[in-house]
Amino acid sequence: MTEAVHSYYAATANPAPAFPALTGEIVADVCVVGGGIAGCSTALHLAEKGYRVVLLEGERIGWGASGRSGGQAIVGFASGQDKIVHAAGKENARRMWDISIEGLDLIADRVARHHIDCDLHWGQMHAAIKPRQRDDLLAEQASLAKDFDYPVDFLERNAVREILSTERYCAALYDKRSGHLHPLNYTLGLAAAATAAGVQIFEHSKATHVDRNDPATVSTATGKVKARFVALCCNAYIGGLEPTLRNRIMPVGTYIVATEPLGEERIASLIRRNVAVSDANFVLDYFRRSADHRLIFGGRVSYSGLDPFNTQRATRKRMLAVFPQLTDARIDFAWGGYVDITLSRAPDFGRLASNIFYLQGFSGHGIALTGIAGKLVAEAICGQAERFDLFTRLDHRNFPGGPLLRTPSLVLAMLWYRMRDWL
Ligand SMILES: Cc1cc2nc3c(=O)[nH]c(=O)nc-3n(C[C@H](O)[C@H](O)[C@H](O)COP(=O)(O)OP(=O)(O)OC[C@H]3O[C@@H](n4cnc5c(N)ncnc54)[C@H](O)[C@@H]3O)c2cc1C
């Protein structure tokens with residue numbers, strides 16, 4: 001997945017400047033590596049606080065997961081709250097949950113403040129396919145209300161049918177605070193806001209080495225940045241830059257199709273409220289309406305790291321299992337990208353040295369969390385690390401098996417989870 005991305009998002013991207021590649025040596029307070037939402041958010045916050053910030057992106061702004069994603073901005077963490085409570089204790093888990101809510105508010109605030117045109121809508125449904133999942137959703141609703149003071153609506157089959165024209169789901173949780181947006185335009189909007197705040201952005205400037213000194217030096221093929229602080233926001237695309245980080249995440253491919261424009265009436269007959277939807281399977285389906293009335297439908301994963309043969313056909317098949325009404329709908333775009341899953345699926349934030357910070361491990365749940373994570377790094381760099389360190393205390397392990405065996409072992413684990421989805 002290193003080629004240009006032919007996605008619906010790329011085809012409908014707002015005009016954005018091309019940034020130059022880094023040449024020569026420059027000095028900054030902070031060097032951010034990675035031009036996704038995490039990196040752009042970190043850079044924007046720091047520039048707003050008066051820091052001189054340089055951002056290095058190996059490809060183009062938004063080229064990674066941020067510009068390819070399902071666009072669902074969802075509260076919480078991919079791991080679910082139980083694992084966070086177990087790892088961090090009840091009180092800290094509650095504080096982390098509240099930070100994730102702040103992530104949603106931050107999106108609303110930035111879209112309004114920086115006039116980011118990114119088709120933002122609120123409302124998200126988490127849908128059960130099986131009675132077992134319906135019970136899980138009921139328990140989750142009770143726990144969210146009791147432990148996190150976060151009310152969501154429980155919808156029985158008929159109520160779900162009033163919103164979604166499909167027989168697939170027997171229940172759902174409806175969360176009015178989560179939502180969806182055009183993730184590439186949001187990322188480009190953050191980069192524009194960062195530039196306006198003084199951030200120097202360089203594209204096609206892949207960091208090849210980070211010299212952990214004070215100041216640190218980040219090298220690219222054609223230049224160097226000397227900076228007091230470094231923030232690594234590279235996600236699953238980190239490659240060989242920092243093996244200690246790479247060993248704790250597994251790049252997992254996930255795939256999306258966008259239909260032809262279906263017209264307002266037809267798309268609204270399938271999804272009556274303009275909400276985003278994901279299901280409760282481990283290998284989940286996720287879908288929503290686009291601003292120009294397409295269905296954007298994502299699902300299936302590849303742990304083998306290979307772009308599977310005919311992704312479009314396989315993802316379309318999953319789409320038709322939800323909306324058989326769409327057999328005649330043409331698929332205009334099909335694309336994929338990598339998510340950075342950790343073993344526990346909890347986010348992995350921390351420091352490689354006292355002045356080298358990193359954000360990773362969003363585990364496919366990063367549209368809202370990356371933004372607020374950037375704010376937390378910025379706070380830590382400014383000397384207020386309390387909220388950042390709530391996350392650094394989460395324990396993370398390397399994937400077992402070493403470089404050769406870890407993918408096969410994960411494929412096996414994956415088969416087990418897939419079988420659970422079928423039961
Ligand atoms: C297909 C797909 C669907 C998804 N759907 C959803 C969803 O609906 N909801 C949700 O919450 N999350 C979703 N996610 C996950 C979400 O998109 C990510 O968690 C989030 O965008 C991660 O942002 P990021 O800034 O950390 O990483 P990215 O957006 O991946 O940015 C990292 C950037 O770092 C750059 N980089 C890497 N190494 C270097 C280097 N050495 N030097 C310079 N630059 C470098 C890369 O080129 C890349 O642009 C999805 C992901 C995918 C792939």
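Residues numbered from 1 in each chain as written. Predicted model: local features only at pLDDT ≥ 70, side-chain atom pairs only at ≥ 80, totals over all residues. Heavy atoms only, no water.

Regarding the overall build of the protein
Here comes step 1: In terms of helices and strands, the protein carries 13 helices and 17 strands.
Here comes step 2: Rg of the C-alpha trace for the protein: 21 Å, near the compact-globule value of 22 Å for 423 residues, within the 12% margin.
Here comes step 3: With the C-alpha coordinates aligned to their principal axes, the bounding extent of the protein is approximately 60 × 45 × 45 Å.
Here comes step 4: Looking at the 423 residues of the protein, the share that counts as buried comes to 57%.
Here comes step 5: A sequence separation of at least 24 residues applies to 74% of the contacts in the protein between residues at least 6 apart. (Helix = DSSP H or I, 4+ residues; strand = E, 2+ residues; numbered from the N terminus. Rg over C-alpha atoms; globule rule 2.2 N^0.38 Å. Buried < 20%, exposed > 50% of the residue type's maximum accessible area, 1.4 Å probe, protein only. Contact = heavy atoms within 4.5 Å.)

Some details on the site of the ligand
Here comes step 1: Close to the ligand lie 39 residues; E57, S66, G70, Q72 and N235 are nearest.
Here comes step 2: For the ligand, a nitrogen atom lies 2.9 Å from a polar atom in the backbone of G58.
Here comes step 3: Here an oxygen atom of the ligand sits 2.5 Å away from a polar atom, N or O, in the side chain of S66.
Here comes step 4: Relative to its unbound accessible area of 1,000 Å², the ligand is 98% covered by the protein chains.
Here comes step 5: Where the shell around the ligand is concerned, the elements lending two or more residues are α2 (37-48), β11 (250-259) and β15 (331-341).
Here comes step 6: It is β15 that provides the largest number of residues to the shell around the ligand, a total of three residues.
Here comes step 7: Residues of the shell around the ligand, tallied by class, amount to 18 nonpolar, 18 polar and three charged. (Near = heavy atom within 4 Å. Polar contact = N/O pair within 3.5 Å; in protein donor to acceptor, adjacent residues only side chain to side chain. Areas by Shrake-Rupley, 256 points an atom, 1.4 Å probe, with all protein chains shown as cover. Nonpolar A, V, L, I, M, F, W, Y, C, P; charged D, E, K, R; others polar.)

Description of unusual backbone geometry
Here comes step 1: Going from D214 to P215, the amide bond is cis rather than trans, its omega being 5°.
Here comes step 2: Along the chain, the position of P215 falls in the loop between β8 (209-211) and β9 (216-219).
Here comes step 3: Phi is positive for H115, which is not a glycine, with a value near 50°.
Here comes step 4: In this structure, H115 sits in the loop between α4 (90-113) and β4 (121-128).

Structural notes on the packing of helix α3 (residues 81-88) against α4
Each pair of packed helices can be described by the angle between their axes along with the distance between the axes.
Here comes step 1: α4 packs onto α3 with a crossing angle of 130° between their chain directions and a minimal axis gap of 7 Å. By the angle class used here, α3 and α4 are oblique. Along this stretch, α3 crosses α4, giving a crossing that reads as right-handed. Judged by residue contacts, Q81, I84, V85 and A88 of α3 engage K90, N92, A93, M96 and W97 from α4.
Here comes step 2: Grouping the constituent residues of the contact of α3 with α4 by class yields six nonpolar, two polar and one charged. (Axes fitted to C-alpha atoms, helices over the stretch in contact; angles between N-to-C directions. Parallel < 35°, antiparallel > 145°, perpendicular 65-115°, else oblique. Left-handed = near helix turned anticlockwise from the far one by under 90°.)

What about the layout of surface pockets?
Here comes step 1: Considered as a void within the structure, the second largest pocket measures approximately 510 Å³ in volume.
Here comes step 2: A13, A16, I61, L184 and L188 are the residues nearest the centre of the second largest pocket, which is lined by 27 residues in total.
Here comes step 3: Per-element accounting of the lining of the second largest pocket gives the leading share, seven residues, to helix α7 (residues 183-196).
Here comes step 4: For the lining of the second largest pocket, a count of residues per class yields 16 nonpolar, eight polar and three charged. (1 Å grid on protein atoms, 1.4 Å probe; cavity = no way out; pocket = protein on both sides within 12 Å on 5 of 7 lines; lining within 4 Å. Points joined across faces, edges and corners; volume = space filled by probe spheres on them.)

Digging into the pattern of salt bridges
Here comes step 1: Applying the stated criterion across every chain, the model contains 26 salt bridges.
Here comes step 2: We note a salt bridge from R134 to E156, for which the minimum N-O separation is 2.7 Å. Taken as a pair, R134 in helix α5 (residues 131-148) and E156 in strand β5 (residues 153-156) lie far apart in primary sequence, 22 residues in all.
Here comes step 3: Through salt bridges with shared partners, a single network forms among E260, D292, R294, R330 and D332. (Salt bridge = Lys/Arg side-chain N within 4 Å of Asp/Glu carboxyl O.)

Concerning the nonpolar core
Here comes step 1: Membership of the largest hydrophobic core comes to 82 residues, with the highest contact counts inside it found for Y150, Y186, W335 and L359.
Here comes step 2: Ranked by residues supplied to this core, first place goes to α4 with nine residues.
Here comes step 3: Contact partners of Y150, with chain neighbours within four places excluded, come to V75, W97, I101, L104, L144, A145, D175, R177 and S178.
Here comes step 4: Judged by nonpolar contacts, the second largest core, of 27 residues, contains I129, V257, V275 and L320. (Core = buried A, V, L, I, M, F, W, Y, C linked by side-chain atoms within 4.5 Å.)

As for the environment of W122
Here comes step 1: On the secondary structure map, W122 appears in strand β4.
Here comes step 2: Using a relative accessible area of 33% as the deciding quantity, one classes W122 as partly exposed.
Here comes step 3: Excluding its chain neighbours within four sequence positions, the residues that come into contact with W122 are L104, I107, A108, K176, R177, S178, G179 and N274.

As for the environment of Q325
Here comes step 1: Note on placement: Q325 falls in the loop between α10 (311-322) and β15.
Here comes step 2: You can call Q325 partly exposed: its relative accessible area is 33%.
Here comes step 3: Spatially, the C-alpha atoms of Q325 and A16 are 37 Å apart, while their sequence positions differ by 309 residues.
Here comes step 4: Contact partners of Q325, with chain neighbours within four places excluded, come to S165, R266 and L270.

Distances and angles like these do not, on their own, reveal function.
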